[in-house]
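Chain by chain, the residues:
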Amino acid sequence: MSKVIIALDFPTESAALALVDQLDPSMCRLKVGLEMYTAFGRPFVKNLMDKGFEIFLDLKFHDIPNTVAAACRQAADIGVWMTNVHALGGLKMMQAAQKAVEEVGSGTQLIAVTILTSHQQSDLPLIGVNDSVNDQVARLACLTAEAGLEGIVCSAQEVEMLKGLNKLPEDFVFVTPGIRPEWAATGDQQRIMTPSKALSVGSTHLVIGRPITAAEDPMAALKRIQEEIK
Ligand code: C5P
């Protein structure tokens, strides 16, 4: 199965489906995030699954353990391939979420967001974190593994450091956004990496949005990326 997860960030269902209908589900998975889920919900996700796509439901839950577990149970009940929580919700929250997903038994993988890549070092003291970004990401990655989740969302630039800790399971999943082929526009992403470089440092899945979704021929862009990472 493809390591590429295409971020479906569109304001309308018709715009998203116009893209999706050009894509081959054997060549990519789809990420549905807060915008599209808030607007079009479960029927939209089901529709994509009916078209043969595996879905990463990227809703980044962060609440008390009982509430997050209930939300994760619903996500697993849809049968999505992957969903996620914020590691900052803590050990008990992540354990409750993992247990809920396992109880449903649909095979949904649960991962956690460590520190959002939109945060810079200078943002952390403002939220009471006095460690470096790397130390905080490492701490939250280890907590995620301790809670029994499958992996994390992080910057591709952090994967080598995290693997070097030798504290995470061998099969830990590293889902990395901020991916830009050399031929694509950077947009608002700051800390970028090419698809092949990201895989070579240990990313297991690549979240790619605009280099594919905004391309004149999205399927050609996807094929070009697949060729590059072969
Ligand atoms: O278009 P682009 O490739 O920048 O899209 C990246 C996707 O990954 C977007 O859906 C964005 O919200 C998401 N994302 C990110 N950085 C994170 C977490 C998620 O860019 N740290």
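Analysis parameters
Residues numbered from 1 in each chain as written. Predicted model: local features only at pLDDT ≥ 70, side-chain atom pairs only at ≥ 80, totals over all residues. Heavy atoms only, no water. Helix = DSSP H or I, 4+ residues; strand = E, 2+ residues; numbered from the N terminus. Buried < 20%, exposed > 50% of the residue type's maximum accessible area, 1.4 Å probe, protein only. Contact = heavy atoms within 4.5 Å. Areas by Shrake-Rupley, 256 points an atom, 1.4 Å probe, with all protein chains shown as cover. Lys, Arg positive; Asp, Glu negative; His and termini not counted. Charge placed at Lys NZ, Arg CZ, Asp CG, Glu CD. Near = heavy atom within 4 Å. Polar contact = N/O pair within 3.5 Å; in protein donor to acceptor, adjacent residues only side chain to side chain. Nonpolar A, V, L, I, M, F, W, Y, C, P; charged D, E, K, R; others polar. Arc of directions from axis to C-beta. Salt bridge = Lys/Arg side-chain N within 4 Å of Asp/Glu carboxyl O. Core = buried A, V, L, I, M, F, W, Y, C linked by side-chain atoms within 4.5 Å. Axes fitted to C-alpha atoms, helices over the stretch in contact; angles between N-to-C directions. Pairing = 2+ DSSP bridges. Right-handed = clockwise from strand over helix to strand, strands pointing away.

(A) Highlighting the overall build of the chain. A count of helices and strands for the chain gives nine helices and eight strands. Along the three orthogonal principal directions, the C-alpha set of the chain runs to about 45 × 35 × 35 Å. Counting only residues that meet the buried cut, the chain has 49% of its 230 residues in that class. Within the chain, contacts between residues separated by at least 24 positions form 70% of all contacts whose residues are at least 6 apart in sequence. Carbon together with sulfur atoms contributes 49% to the accessible area of the chain, which is approximately 10,700 Å² in total. Distance between charge centres in the chain, computed from 20 positive and 27 negative side chains, equals 2 Å.

(B) Seen up close, the site of the ligand. Every residue close to the ligand is listed here: Ala7, Asp9, Lys31, Thr117, Pro177, Arg180, Gln189, Val207, Ile208, Gly209, Arg210 and Pro211. In the model, an oxygen atom of the ligand is placed 3.0 Å from a nitrogen or oxygen of the lysine 31 side chain. Between the ligand and arginine 210 there is a distance of 2.7 Å, counted from an oxygen atom to a side-chain nitrogen or oxygen. Starting from 470 Å² of accessible surface for the ligand in isolation, the protein chains cover 82%. Only β8 (205-208) and α8 (210-213) provide two or more residues apiece to the shell around the ligand. Of the residues assigned to the shell around the ligand, the class counts are five nonpolar, three polar and four charged.

(C) Layout of helix α6 (residues 156-164). Listing the buried residues of α6 in full gives Ala156, Glu158, Val159 and Leu162. Viewed end-on, α6 has its buried residues packed into an arc of 130°, placing them on one side of the element. Across α6 from its buried face, at more than 90 degrees, point the exposed residues Glu160 and Gly164. By the N-cap criterion, in which a side-chain oxygen at the helix start approaches the backbone nitrogen of a residue two or three places on, α6 is capped by serine 155, the distance to glutamine 157 being 3.0 Å. Of the residues flanking the end of α6, it is asparagine 166, one or two places downstream, whose phi is positive at about 55°.

(D) Just the pattern of salt bridges, in detail. According to the stated counting rule, one finds ten salt bridges in the structure shown. Across the salt bridge formed by glutamate 103 and lysine 99, the nearest N and O atoms sit 3.3 Å from each other. Residue glutamate 103 and its partner lysine 99 are located together in helix α4 (residues 91-104), separated by four residues, close to a single helical turn. Given a relative accessible area of 54%, lysine 99 falls into the exposed group. When salt bridges that share partners are traced, they join Lys31, Asp58 and Lys60 into one network.

(E) Region of the structure containing the nonpolar core. Counting residues in each nonpolar core, the largest one holds 67 residues, and the members touching the most others are Leu8, Leu23, Leu30, Leu48, Val85, Leu162 and Leu222. Every residue in contact with leucine 23, bar those within four places of it in the chain, is listed here: Ile6, Cys28, Leu30, Phe53, Met219 and Leu222. Of all hydrophobic cores here, the second largest spans eleven residues; its members include Trp81, Met82, Val173 and Val207.

(F) Quick look at the packing of helix α2 (residues 34-50) against helix α3 (residues 65-78). Running from N to C, α2 and α3 cross one another at 35°; their axes reach a closest spacing of 10 Å. Across from Tyr37, Arg42, Val45, Lys46 and Met49 in α2, the residues of α3 making contact are Gln74, Asp77 and Ile78.

(G) Looking closely at the sheet that holds strand β2 (residues 29-32). Strand order in the closed barrel formed by eight strands is β1-β2-β3-β4-β5-β6-β7-β8, with parallel pairing between adjacent strands. Sheet twist, expressed as the mean angle between neighbouring strand axes with direction ignored, is 25°. Where strand β1 (residues 4-8) meets β8, three bridges bridge the pair, whose relative direction is parallel. For isoleucine 6, the partnering residue across the bridge sits in β8 and is isoleucine 208.

(H) Local environment of the pairing of strand β3 (residues 55-61). The buried count for β3 comes to six of seven residues, which makes it a mostly enclosed element. Of the pairings in the sheet, the one linking β2 to β3 comprises three bridges and is parallel in character. The residue of β3 that forms the bridge with valine 32 is leucine 57. As paired elements, β3 and strand β4 (residues 82-86) share three bridges and run parallel to each other. Note that in β4 the partner of leucine 57 across the bridge is threonine 83. Tracing the backbone out of β3, into α3 and back to the parallel element β4 gives a crossover that is right-handed.

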